[in-house]
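Spelled out from the first residue to the last, the chains are:
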Amino acid sequence: MWDSESESVTGRDYGNGILSSSKHGVKTGGFEQRDRSWYVATDIPSDFLVQVGDVNFHLHKYPLLSRSGKMNRLIYESRDLDLNKVALDDLPGGPEAFELAARFCYGIAVDLTAANISGLRCAAEYLEMTEDLEEGNLIFKTEAFLSYVVLSSWRDSILVLKSSEKLSPWAENLQIVRRCSESIAWKACANPKGIRWVYTGKPPKVSSPKWNEMKDSSPGRNSQVPPDWWFEDVSILRIDHFVRVITAIKVKGMRFELIGAAIMHYAGKWLPGLITDGAGFIDEASNSSNSNGNSSGRISWKGGLHMIVAGTKDDTPKVQAKDQRMIIESLISIIPPQKDSVSCSFLLRLLRMAIMLKVAPALVTELEKRVGMQFEQATLEDLLIPSYNKNETLFDVDLVQRLLEHFLVQEQTEISSPSRRSFSDKHMYDGTQRGANTSAKMRVARLVDSYLTEVSKDRNLSLTKFQVLAEALPESARTCDDGLYRAIDSYLKAHPTLSEHERKRLCRVMDCQKLSIDACVHAAQNERLPLRVVVQVLFSEQVKITNSLANSTLKESSEALYQPVISNRKTLLEGTPQSFQEGWATAKKDINTLKFELETVKSKYLELQNDMDNLQRQFDKMTNKKQTSAWTAGWKKLGKFTKMTNLEKTEIGSQVAAPEEQTRKTPRRWRNSIS
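Residues numbered from 1 in each chain as written. Predicted model: local features only at pLDDT ≥ 70, side-chain atom pairs only at ≥ 80, totals over all residues. Heavy atoms only, no water.

Peer 1: Please set out the overall build of the protein residue by residue, giving values where relevant.
Peer 2: Helix and strand counts for the protein stand at 26 helices and 7 strands. Taken across its 675 residues, the protein has 41% of its residues classed as buried. Contacts in the protein between residues at least 24 apart in sequence constitute 69% of all its contacts with a sequence separation of at least 6. Approximately 39400 Å² of the protein is accessible, and the part contributed by carbon and sulfur atoms is 54%. (Helix = DSSP H or I, 4+ residues; strand = E, 2+ residues; numbered from the N terminus. Buried < 20%, exposed > 50% of the residue type's maximum accessible area, 1.4 Å probe, protein only. Contact = heavy atoms within 4.5 Å. Areas by Shrake-Rupley, 256 points an atom, 1.4 Å probe, with all protein chains shown as cover.)

Structure (structure tokens):
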């Protein structure tokens with residue numbers, strides 16, 4: 001990816017030689033190469049052979065012993081003064097770094113660049129080229145170059161951090177990675193308005209702008225710096241160094257939206273499986289409007305404001321499955337905890353790759369919770385995650401069930417969480433939050449209905465899984481069950497062998513009263529639905545028709561009250577566009593046709609109801625005309641005769657008793673005698 005020598009900076013004096021290009025195979029500064037061996041151009045024959053990997057260096061003992069403590073120990077501790085061969089296979093930086101160190105030992109000018117400084121610094125530490133042996137030794141020189149030159153430049157810090165990838169653990173122990181990461185983080189978080197950028201509009205020959213340079217010829221003083229100017233440069237780093245940079249940027253206090261966008265940009269570059277249909281997250285994470293990138297060369301210029309030190313677009317890094325797993329695990333760990341730091345689509349695609357590559361279960365669970373936090377932003381395309389278990393369904397329905405549960409738990413947590421706001425602010429917040437939660441649940445309900453419609457075509461999908469996922473949301477989340485009815489009908493098509501009981505159980509998840517008129521018309525003619533469900537649909541349809549007629553009558557009466565205010569119909573039609581009039585005429589015809597069909601269904605329903613009433617009356621008559629036995633008739637006649645006899649006796653007795661009572665009650669008459 002990198003041509004370090006071609007990217008070296010020219011025209012600047014770094015205090016230890018002019019930075020220039022160095023080509024192997026050419027005699028430079030007293031050294032010359034023959035095949036895989038290096039020789040010193042001198043009349044004195046070499047007396048010491050150093051092997052670094054597969055490269056041989058024919059040198060002299062004295063220059064090395066005067067500068068390197070490692071060489072002193074190797075020679076004198078071996079107790080062999082005639083030792084003339086040493087192998088340094090574990091030297092950091094390899095033959096290239098040792099060549100520069102050997103030049104320094106011979107007093108030859110060394111070209112220090114951002115591409116070779118990290119390897120040379122580690123090699124100097126390995127060879128123990130300290131100040132105890134000679135003042136101004138290689139460790140001192142390389143440390144000064146790192147501190148005063150590299151860390152003051154954005155591009156040089158990126159280059160050094162990139163070149164340190166093959167120098168572990170030396171670069172870590174020498175704090176090269178930490179210092180470069182903090183330098184990059186400080187520059188990324190600094191306010192770019194106070195910096196005069198080197199602006200040429202084309203790839204320049206000099207490095208990216210030094211942060212301590214002030215150039216009067218720079219036209220970028222008033223230029224609008226895009227907030228994502230540092231994404232591309234940072235995305236070329238290895239994942240462990242990228243994590244160090246992002247962690248340092250978090251400490252500096254950068255906005256979480258930018259951090260999330262940088263993570264999405266990095267993932268789109270290093271995880272090719274994360275990009276589908278040619279659309280990645282690089283464009284989604286980038287908000288720059290001034291993109292003048294030149295992708296034809298190794299060095300490109302984006303936005304005219306900073307230098308891209310990455311490769312071409314065709315130079316996509318090839319990452320193995322093990323490395324992809326490590327990248328995914330690292331990215332999950334550094335995603336900001338805020339809700340909208342990254343998009344839900346990115347999280348779902350990252351989750352798909354995490355499941356496919358068998359990432360640690362704890363990190364997968366954490367990622368599922370993050371998706372649940374913003375589940376209402378998901379799309380059906382991203383939600384159709386295949387099931388990687390061959391014995392299960394085509395799509396991972398259990399995963400969607402878990403995501404939905406995390407969403408509901410998060411919604412409940414937001415509602416029940418205590419607030420320290422004032423009384424008025426709290427009530428205002430509760431109202432807005434309740435409305436937002438309701439709209440989010442409605443969006444999730446539509447998403448779940450679409451997902452059920454898609455996965456219901458799978459013959460391996462059990463009725464229980466379908467029912468559990470459909471009933472996971474509360475009833476208030478759905479104001480209309482048309483999507484759920486569509487999913488049920490699709491499931492019935494794909495599973496024609498369901499029993500009557502199973503079909504009733506399936507339709508129980510749907511509320512017939514929440515179906516629209518179109519869905520009611522379709523359901524009334526659907527032969528796959530149970531008969532009881534069809535009757536419920538017809539009843540709810542009749543109620544809707546009655547209500548709609550009542551509303552239309554009320555609307556017409558209210559319109560009649562405001563008729564004098566509105567101009568006549570002809571004037572309104574003249575002011576209406578012709579296309580709108582034609583569309584309204586077509587819609588009116590469709591409405592009339594639908595009303596006619598509804599009236600037909602209503603009349604058929606009334607006829608069926610009358611037939612049912614007639615059958616019920618006939619059945620009642622048949623049950624009342626039962627044949628009675630002779631004994632029962634005889635007993636009934638005897639009972640009637642007994643009642644008549646008792647009545648007659650009662651009448652005769654009352655007639656006889658009447659004169660006796662009159663005689664007994666008549667008072668005695670006494671004659672009045674005069675005596």
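Peer 1: Before we move on, could you go through the sheet that holds strand S1 (residues 31-34) and cite the residues and values that matter?
Peer 2: Pairing is mixed across the open sheet formed by 5 strands, whose spatial order is S1-S2-S4-S3-S5. One side of each edge strand has no neighbouring strand; the edge strands of this open sheet are S1 and strand S5 (85-87). Ignoring strand direction, the axes of neighbouring strands in this sheet form an average angle of 20 degrees. Direction of pairing for strand S3 (residues 48-52) relative to strand S4 (residues 55-59): antiparallel, over a ladder of 5 bridges. Across the sheet, residue Leu-49 finds its bridge partner in S4, namely His-58. The strands touched by helix H3 (residues 94-105) are S1, strand S2 (37-40), S3 and S4; relative to S4, the strand with the most contacts, the crossing angle is about 10 degrees. (Pairing = 2+ DSSP bridges. Axes fitted to C-alpha atoms, helices over the stretch in contact; angles between N-to-C directions.)

Peer 1: Any chance you could break down unusual backbone geometry for me, citing the residues and the numbers?
Peer 2: Cis geometry marks the peptide bond from Ser-168 to Pro-169; its omega dihedral reads 0 degrees. With respect to the element layout, Pro-169 can be found in the loop between helix H6 (154-163) and helix H7 (170-173). At Gln-175, a position not held by glycine, the phi torsion is positive, near 65 degrees. The phi dihedral of Lys-358 is positive, around 60 degrees, even though this residue is not glycine. Tracing the backbone shows Lys-358 in the loop between helix H14 (344-356) and helix H15 (361-373).

Peer 1: With reference to specific residues and values, describe the confidence of the model for the protein.
Peer 2: Of the residues in the protein, 68% have a pLDDT of 70 or more, and the chain-wide mean is 75. Every residue in residues 196-221 is under pLDDT 50, and counting partners more than four places away or in other chains gives 58 contacts. (pLDDT = per-residue confidence, 0-100.)

Peer 1: Lay out the packing of aromatic side chains in plain terms, naming residues and giving numbers.
Peer 2: Going through the model one piece at a time under the given rule, you end up with 8 aromatic pairs. Ring plane angle 25 degrees and centroid distance 5.8 Å describe the contact between Tyr-266 and Trp-270, whose orientation is recorded as stacked. Placement of both Tyr-266 and Trp-270 in helix H11 (residues 256-270) is noted, with a separation of 4 residues, approximately one turn of the helix. Given a relative accessible area of 0%, Tyr-266 falls into the buried group. Taking the relative accessible area as the measure of exposure, Trp-270 reaches 12% and is therefore buried. Members of the aromatic cluster, each reached through a chain of ring pairs, are Phe-242, Tyr-266 and Trp-270. When the ring centre of Tyr-39 is taken as reference, the NZ or CZ atom of Arg-34 above it lies at 4.5 Å. (Phe/Tyr/Trp six-rings, centres within 6.5 Å; stacked < 30°, edge-to-face > 60°. Lys NZ or Arg CZ within 6 Å of the ring centre and 35° of its normal.)

Peer 1: Just give me the short version of the environment of Asp-233, but keep the residues and values in it.
Peer 2: Position of Asp-233 among the secondary structure elements: in helix H9 (residues 231-234). Once the C-alpha coordinates of Asp-233 and Trp-154 are considered, the two residues, 79 residues apart in sequence, prove to be 9.4 Å apart.

Peer 1: Account for helix H2 (residues 69-76), with residues named and values stated.
Peer 2: Of the positions making up H2, those classed as buried are Gly-69, Lys-70, Met-71, Asn-72 and Ile-75. Looking at the buried side of H2, the elements it contacts are S3, helix H1 (61-67), H3 and helix H4 (117-126). A side-chain oxygen of the first residue of H2 lies 3.4 Å from the backbone nitrogen of Lys-70; this N-cap is Ser-68. (Polar contact = N/O pair within 3.5 Å; in protein donor to acceptor, adjacent residues only side chain to side chain.)

Peer 1: Run through the nonpolar core, naming residues and quoting values.
Peer 2: With 150 residues, the main nonpolar core has Phe-98 and Trp-230 as its most contacted residues. When residues of this core are assigned to their parent elements, the largest contribution, 9 residues, is made by H11. For Trp-230, the contacting residues outside a window of four places in its chain are Trp-154, Ala-188, Ile-246, Ile-249, Met-254, Leu-258 and Ala-262. (Core = buried A, V, L, I, M, F, W, Y, C linked by side-chain atoms within 4.5 Å.)

Peer 1: Run through the side chain of Ser-157, naming residues and quoting values.
Peer 2: Note that Ser-157 resides in helix H6. Among the residues examined, Ser-157 registers a relative accessible area of 0% and is labelled buried. Of note is the side chain of Ser-157, whose polar atom sits 2.7 Å from the backbone oxygen of Ser-153. Discounting residues that sit within four places of it in the chain, Ser-157 has contacts with Val-150, Leu-151, Cys-180, Ser-183 and Ile-184.

Peer 1: So what about the pairing of S4? Which residues, and what values?
Peer 2: Counted residue by residue, S4 has 4 buried out of 5 residues, so it is predominantly covered. Here S3 hands over to S4 after 2 residues, with Gly-53 in that stretch at a positive phi of 65 degrees.

Peer 1: Please give an account of the packing of H11 against helix H13 (residues 321-334) that cites residues and values.
Peer 2: Where H11 meets H13, the closest approach of the two axes is 11 Å, and the angle between their N-to-C directions is 175 degrees. One element, H11, and the other, H13, form an angle in the roughly antiparallel class. Residues Ile-263, Tyr-266, Ala-267 and Trp-270 of H11 lie in contact with H13, whose contacting residues are Ile-327, Leu-331 and Ile-334. Broken down by class, the residue content of the contact of H11 with H13 amounts to 7 nonpolar, no polar and no charged. (Parallel < 35°, antiparallel > 145°, perpendicular 65-115°, else oblique. Nonpolar A, V, L, I, M, F, W, Y, C, P; charged D, E, K, R; others polar.)

Peer 1: Tell me what's going on with the pairing of S3, and back it up with residues and numbers.
Peer 2: The element S3 is extensively covered by neighbouring structure, given that 4 of its 5 residues are classed as buried. Taken together, the 3 bridges between S3 and S5 define a ladder with parallel strand orientation. Each residue of the ladder has a partner; that of Val-50, found in S5, is Val-86.

Peer 1: Residue-level account of the environment of Ser-516, with values.
Peer 2: Mapped onto the elements of the fold, Ser-516 is located in the loop between helix H21 (500-507) and helix H22 (517-524). For the pair Ser-516 and Cys-480, spaced 36 residues apart in sequence, the C-alpha to C-alpha distance is 7.1 Å. The residues touching Ser-516, leaving out its near neighbours within four places in the chain, are Cys-480 and Asp-482.

Peer 1: Residues and numbers for the pattern of salt bridges, please.
Peer 2: Under the defined criterion, the tally for this structure stands at 23 salt bridges. We note a salt bridge from Glu-376 to Lys-339, for which the minimum N-O separation is 3.3 Å. In this pair, Glu-376 is assigned in the loop between H15 and helix H16 (380-383) and Lys-339 in the loop between H13 and H14, connecting sequence segments 37 residues apart. For Arg-402, the salt bridge goes to Glu-368, with nearest N and O atoms at 3.1 Å. Of this pair, Arg-402 sits in helix H17 (residues 397-416) while Glu-368 is found in helix H15, placing the two residues 34 residues apart along the sequence. Looking at Arg-402, the relative accessible area reads 33%, which means it is partly exposed. (Salt bridge = Lys/Arg side-chain N within 4 Å of Asp/Glu carboxyl O.)

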